[in-house]
Amino acid sequence: MTTDERESFLAGTHIGVLSVADDGGAGPMAVPIWYGYEPGGELTFATSPDSRKMAQIRAAGRVTFTVQQEEMPYKYVTIEGPVLGYEPVDLQEYRRWSIRYLGPEVGERFFTSAEGYIRSMQTVRVRPERWLTYDWGKEFTG
């Protein structure tokens, strides 16, 4: 994929898979997660500051993140990069994610019902440094 294609694909609506090293000798943790990304910017996602996931992110200081299209033509984008920071969750950003992933009506209901928990989360910011992409359709048509 070109730079524009990969950034546009990452900015699309996908469930991402966050992977982070485990310093205890186990394999890396890999979990599906909602996220935000604007072309040229940082990847953001939110998680509980007390979670095992956050502990591993803090220890590793880097993550790998993958999004894919499961139907033909198959394609994926994987980024790897440093964690730039942690901050209180931006409620409006999380509301946008809720609507993005669940649709307007269900997203609003979910956000309203989970707002107390969402307030306790932290946003993690990651700078995409390394990219790995594949577009099956281009491979066989271009």
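Here, the structure is the one placed above.
Quantities reported herein were computed from a predicted structural model and do not represent experimental measurements.

Novice: What exactly am I supposed to notice about the overall build of the chain here?
Specialist: What the chain contains, in helices and strands, is five helices and eight strands. Its helices and strands in sequence order give the chain the pattern α-β-β-β-β-α-β-β-α-α-β-β-α, from N to C terminus. For 142 residues, the compact-globule estimate of 2.2 N^0.38 gives 14 Å, and the C-alpha radius of gyration of the chain, at 16 Å, lies within 12% of that figure. Expressed along its principal axes, the backbone C-alpha trace of the chain runs to roughly 50 × 45 × 25 Å. In the chain, which comprises 142 residues, the proportion classed as buried is 41%. If you take every contact in the chain between residues at least 6 apart in sequence, the share linking residues at least 24 apart comes to 70%.

Novice: How should I be thinking about the pattern of salt bridges in this particular structure?
Specialist: Pairs may arise between side chains of opposite charge once their charged atoms sit close together. On inspection of all chains with the given rule, the structure shows ten salt bridges. A salt bridge links Glu 42 to Arg 125; the shortest N-O distance between them is 3.0 Å. Of the two residues, Glu 42 is situated in the loop between strand E3 (36-37) and strand E4 (43-47) and Arg 125 in strand E7 (residues 122-126); the sequence distance between them amounts to 83 residues. Salt-bridge contacts for Arg 130 lead to Glu 80; the nearest nitrogen and oxygen are separated by 2.7 Å.

Novice: What am I meant to see in the side chain of Gln 122 here?
Specialist: Looking at where Gln 122 falls in the secondary structure, it is placed in strand E7. Judged by its relative accessible area of 18%, Gln 122 falls in the buried class. For Gln 122, the side chain forms a polar contact with the side chain of Arg 58, separated by 2.8 Å. Excluding anything up to four places from it in sequence, Gln 122 contacts Phe 45, Ala 46, Thr 47, Pro 49, Met 54, Arg 58, Tyr 86, Glu 87 and Val 89.

Novice: In this structure, what is going on with helix H3 (residues 91-102)? I would like to understand it.
Specialist: In an α-helix there are 3.6 residues to a turn, and that puts residues three or four apart on one side. With twelve residues, H3 extends 16 Å from end C-alpha to end C-alpha; this agrees with the ideal 16 Å at 1.5 Å per step. What H3 keeps buried is the set Leu 91, Glu 93, Tyr 94, Trp 97, Ser 98 and Tyr 101. Along H3, the residues classed as buried sweep out an arc of 160 degrees about the axis, all on the same side. Capping of H3 at its N-terminal end is provided by Asp 90; its side-chain oxygen lies 2.9 Å from the backbone amide nitrogen of Gln 92. Positive phi appears at Gly 103, one or two residues downstream of H3, with a value of about 90 degrees.

Novice: It is not clear to me how the nonpolar core should be interpreted in this structure. Could you clarify?
Specialist: Grouped burial of nonpolar side chains is what soluble globular proteins tend to show. Grouped together as the largest cluster of nonpolar side chains are 32 residues, with contacts concentrated most on Leu 10, Tyr 35, Leu 43, Phe 45, Phe 65 and Tyr 94. Ranked by residues supplied to this core, first place goes to H3 with four residues. Other than its neighbours up to four places away in sequence, Tyr 35 contacts Leu 10, Gly 12, His 14, Gly 16, Leu 43, Thr 44, Phe 45, Phe 65, Val 67, Trp 97, Arg 100 and Tyr 101.

The rules behind each value
- Residues numbered from 1 in each chain as written.
- Predicted model: local features only at pLDDT ≥ 70, side-chain atom pairs only at ≥ 80, totals over all residues.
- Heavy atoms only, no water.
- Helix = DSSP H or I, 4+ residues; strand = E, 2+ residues; numbered from the N terminus.
- Rg over C-alpha atoms; globule rule 2.2 N^0.38 Å.
- Buried < 20%, exposed > 50% of the residue type's maximum accessible area, 1.4 Å probe, protein only.
- Contact = heavy atoms within 4.5 Å.
- Salt bridge = Lys/Arg side-chain N within 4 Å of Asp/Glu carboxyl O.
- Polar contact = N/O pair within 3.5 Å; in protein donor to acceptor, adjacent residues only side chain to side chain.
- Expected span 1.5 Å × (residues − 1).
- Arc of directions from axis to C-beta.
- Core = buried A, V, L, I, M, F, W, Y, C linked by side-chain atoms within 4.5 Å.

As far as function goes, none of this settles anything; it's purely spatial.
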